[in-house]
Amino acid sequence: EAGVAQSPRYKIIEKRQSVAFWCNPISGHATLYWYQQILGQGPKLLIQFQNNGVVDDSQLPKDRFSAERLKGVDSTLKIQPAKLEDSAVYLCASSSLRGAGNTIYFGEGSWLTVV
Amino acid sequence: ELKVEQNPLFLSMQEGKNYTIYCNYSTTSDRLYWYRQDPGKSLESLFVLLSNGAVKQEGRLMASLDTKARLSTLHITAAVHDLSATYFCAVPLIQGAQKLVFGQGTRLTINP
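The paragraphs below set out a description of the structure included in this document. (Residues numbered from 1 in each chain as written. Chains lettered and ligands numbered in written order. Predicted model: local features only at pLDDT ≥ 70, side-chain atom pairs only at ≥ 80, totals over all residues. Heavy atoms only, no water.)

Structural notes on the interface of chain B and chain A
Counting residues at the interface gives 20 residues for chain B, matched by 28 residues for chain A. Taken together, the two surfaces of chain B and chain A that pack against each other cover about 1,700 Å², and 50% of this comes from carbon and sulfur. Together, B:S42, B:Q98 and B:K99 form the three largest contributors to the area buried by chain B at its contact with chain A, with a combined 38%. Note that A:D56 is salt-bridged to B:K99, the shortest N-O span being 3.2 Å. At the surface where chain B touches chain A, the tally comes to six residue pairs in polar contact (both at pLDDT 80 or more). When residues of the side of chain B that touches chain A are traced back to their parent elements, those giving at least two are β4 (32-37), β5 (43-49) and β10 (100-102) of chain B. Residue classes in the side of chain B that touches chain A are distributed as nine nonpolar, eight polar and three charged. (Contact = heavy atoms within 4.5 Å. Buried area = accessible area lost by both parts, 1.4 Å probe. Salt bridge = Lys/Arg side-chain N within 4 Å of Asp/Glu carboxyl O. Polar contact = N/O pair within 3.5 Å; in protein donor to acceptor, adjacent residues only side chain to side chain. Helix = DSSP H or I, 4+ residues; strand = E, 2+ residues; numbered from the N terminus. Nonpolar A, V, L, I, M, F, W, Y, C, P; charged D, E, K, R; others polar.)

Let's talk about the sheet that holds strand β8 (residues 71-76) of chain B
Strand pairing in a sheet is mediated by backbone hydrogen bonds. Such pairs are either parallel or antiparallel. Residue and element names in this part refer to chain B. Spatial strand order, β1-β3-β8-β7-β6: five strands in an open sheet with antiparallel pairing. The two strands at the open ends of the sheet, each matched to only one other strand, are β1 (4-7) and β6 (55-58). Adjacent strand axes in the sheet meet at a mean angle of 15°, parallel and antiparallel pairs treated alike. (Pairing = 2+ DSSP bridges. Axes fitted to C-alpha atoms, helices over the stretch in contact; angles between N-to-C directions.)

A word on the state of the cysteines
Scanning all chains against the criterion turns up two disulfides over all chains. A sulfur-sulfur distance of 1.9 Å marks the disulfide that ties A:C23 to A:C92. Across the S-S bond linking A:C23 and A:C92, the dihedral sits near -70°, which makes this disulfide left-handed. Here the residue A:C23 occupies a position in strand β3 (residues 19-24), and A:C92 occupies one in strand β9 (residues 88-95), the gap between them amounting to 69 residues. Taken individually, A:C23 and A:C92 each receive the classification buried, so the pair is uniform in this respect. Bridging B:C23 to B:C89, the disulfide has an S-S length of 2.0 Å. Taking the torsion about the S-S bond as the criterion, the B:C23 to B:C89 disulfide, at about 80°, is right-handed. Taken together, the residues B:C23 in strand β3 (residues 19-25) and B:C89 in strand β9 (residues 85-92) connect sequence positions 66 residues apart. For B:C89, a relative accessible area of 0% puts it in the buried group. (Disulfide = S-S within 2.5 Å. Buried < 20%, exposed > 50% of the residue type's maximum accessible area, 1.4 Å probe, protein only.)

As for the environment of A:S75
Residues and elements named next belong to chain A. In this fold, S75 is placed in strand β8 (residues 75-79). The spacing of S75 and F49 is 26 residues in sequence and 9.2 Å in space, taken between C-alpha atoms. Here S75 is in contact with F21, W22, C23, L32, W34, F49, E68 and R69, once residues within four sequence places are set aside. At a separation of 2.9 Å, a polar atom in the side chain of S75 contacts the main-chain carbonyl oxygen of E68.

Here's what the structure looks like:
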């Protein structure tokens, strides 16, 4: 079974530039998550989708971050304009059922450095 | 606000020894997750603990959950170098939901 795919794996941009990350979840997984992991910390949820609808985006900095999952499969996360403090790993994850004790599978992450 | 705290944050131990990582959380939860992360890699699911008193074992790792004490433990038996990694516990913010709040992580180094 293919895992959660993310791209690009690494990105270096200057502050105030924009960047977009792409995620393809495990086939059949209705729930998709974007997490931000700052070096030395645990991941923090940015946004959760159920199919193509947003379940929770309470911790998404909406003035600069946006995310979409138009057809209920792939998702993109965009940052515009980027700040230095956005340097982090952006992890996409997926799971098969919302509200159940199912495993949440993580991709390998997109590493962002803002200079 | 849900807080998830791990103890210790850093652990260096010798091969062959036993040790335990603790995960405390501040509000009621019906389940708890343990993940492993190798440097530069993503999170690998280790255990999903679904009820009070749940115990799961995989190789040299054993996890348990006490929902009354709001405590989970990850016990390492006869540690080997391959277990060196950062270990995270995570708890759902709301019972029945899947918005996870992660602990700070425990960086485990096992020396030959």
